[in-house]
Amino acid sequence: MHRRSATALTLALLAVLATGCSDGGTGTDAAPGPSATAGTGEPTPQAAATTAPESAAPTTGTAANTAQVCRAVDQLIIDGSRQITADSADATREELTPEQLNGKLKGRLSRLADDVRAQARKARDDRIRKLVEETATKIDAGAAAKSPASWMGTDFVDIPPRLTRDCHV
């Protein structure tokens, strides 16, 4: 039974990597994420149009910092997902019990939450700081869940699309 749950988790994480964290997103009309600024450090015209505040525009330093923080958080989520996928594959090979797999997941998620929270502290834009802190809190909830594997399949998969939609200049 635990072999199937580890395999299912691995497949779910691969799906997240393929869709939620990709530069292209899901093909919806969601605003571009951090990848919209990857080449030049400047938002694309579409990103600028969809995120222009009603008051003064962010300063160049804040905009550059936002792009940097959002890219770093995206990379942490991608790397964390890859590590969790590798842990799940190892668990299948090693025939770990569900409790052992949950223990590995809890540790991995706890470290990921700490890393994401460290990025929140770097954010100069209050909106981005709050978004990234909320993301870390959600990941902490996964680390504290009775079944982090179940949490991964339900709650974790919502994190990358939200970051893609909301974490940008």
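Residues numbered from 1 in each chain as written. Predicted model: local features only at pLDDT ≥ 70, side-chain atom pairs only at ≥ 80, totals over all residues. Heavy atoms only, no water.

A. Layout of the pattern of salt bridges. Considering all chains together, one arrives at ten salt bridges under this definition. When the shortest N-O distance is used, the salt bridge between arginine 93 and aspartate 90 registers 2.1 Å. Placement of the pair is arginine 93 and aspartate 90 together in helix α3 (residues 60-94), with a separation of three residues, close to one helical turn. Notably, a salt bridge pairs arginine 162 with aspartate 166, separated by 3.8 Å at the nearest N-O pair. (Salt bridge = Lys/Arg side-chain N within 4 Å of Asp/Glu carboxyl O. Helix = DSSP H or I, 4+ residues; strand = E, 2+ residues; numbered from the N terminus.)

B. Layout of the packing of aromatic side chains. Under the defined criterion, the tally for this structure stands at one aromatic pair. Measuring from centroid to centroid gives 5.8 Å for tryptophan 151 and phenylalanine 156, while their planes differ by 55 degrees, and the two rings are tilted. Among the residues examined, phenylalanine 156 registers a relative accessible area of 0% and is labelled buried. (Phe/Tyr/Trp six-rings, centres within 6.5 Å; stacked < 30°, edge-to-face > 60°. Buried < 20%, exposed > 50% of the residue type's maximum accessible area, 1.4 Å probe, protein only.)

C. Spotlight on the nonpolar core. Counting residues in hydrophobic clusters, the biggest one holds 29 residues, and the most contacted among them are Ile77, Val116, Ile139 and Trp151. When residues of this core are traced back to their parent elements, those giving at least two are α3, α4 (98-122), α5 (126-144), α6 (148-154) and α7 (159-166). It is α4 that contributes the most residues to this core, seven residues altogether. Residues within four places of tryptophan 151 in sequence aside, it is in contact with Leu109, Lys138, Ile139, Ala141, Gly142, Ala145, Phe156 and Ile159. (Core = buried A, V, L, I, M, F, W, Y, C linked by side-chain atoms within 4.5 Å. Contact = heavy atoms within 4.5 Å.)

D. The environment of alanine 144, seen in detail. Position of alanine 144 relative to the elements: it lies in helix α5. Alanine 144 sits in the exposed class, given a relative accessible area of 61%. Residues alanine 144 and lysine 106 lie 38 residues apart in sequence; the distance between their C-alpha atoms is 6.8 Å.

E. Region of the structure containing α4. With 25 residues, α4 extends 36 Å from end C-alpha to end C-alpha; this agrees with the ideal 36 Å at 1.5 Å per step. Buried residues of α4: Leu101, Asn102, Leu105, Arg108, Leu109, Leu112, Ala113, Val116, Gln119 and Ala120, and no others. (Expected span 1.5 Å × (residues − 1).)

F. Up close: the environment of arginine 129. With respect to the helices, strands and loops of the structure, arginine 129 is situated in helix α5. As a C-alpha pair, arginine 129 and glutamine 119 span ten residues in sequence and 8.2 Å in three-dimensional space. Not counting the four nearest positions on each side in its chain, arginine 129 is found in contact with Ala120, Ala123 and Arg124.

G. Quick peek at α7. Within α7, the full set of buried residues consists of Ile159, Pro160, Leu163 and Thr164. Along the long axis of α7, the arc covered by the buried residues comes to 135 degrees, so they all point the same way. (Arc of directions from axis to C-beta.)

H. Inspection of the side chain of threonine 66 at higher detail. Following the sequence through the fold, threonine 66 ends up in helix α3. By relative accessible area, which is 2% here, threonine 66 ends up buried. In contact with threonine 66, not counting residues within four places along its chain, are Asp125, Ile128, His168 and Val169.

Keep in mind these values describe shape, not function.
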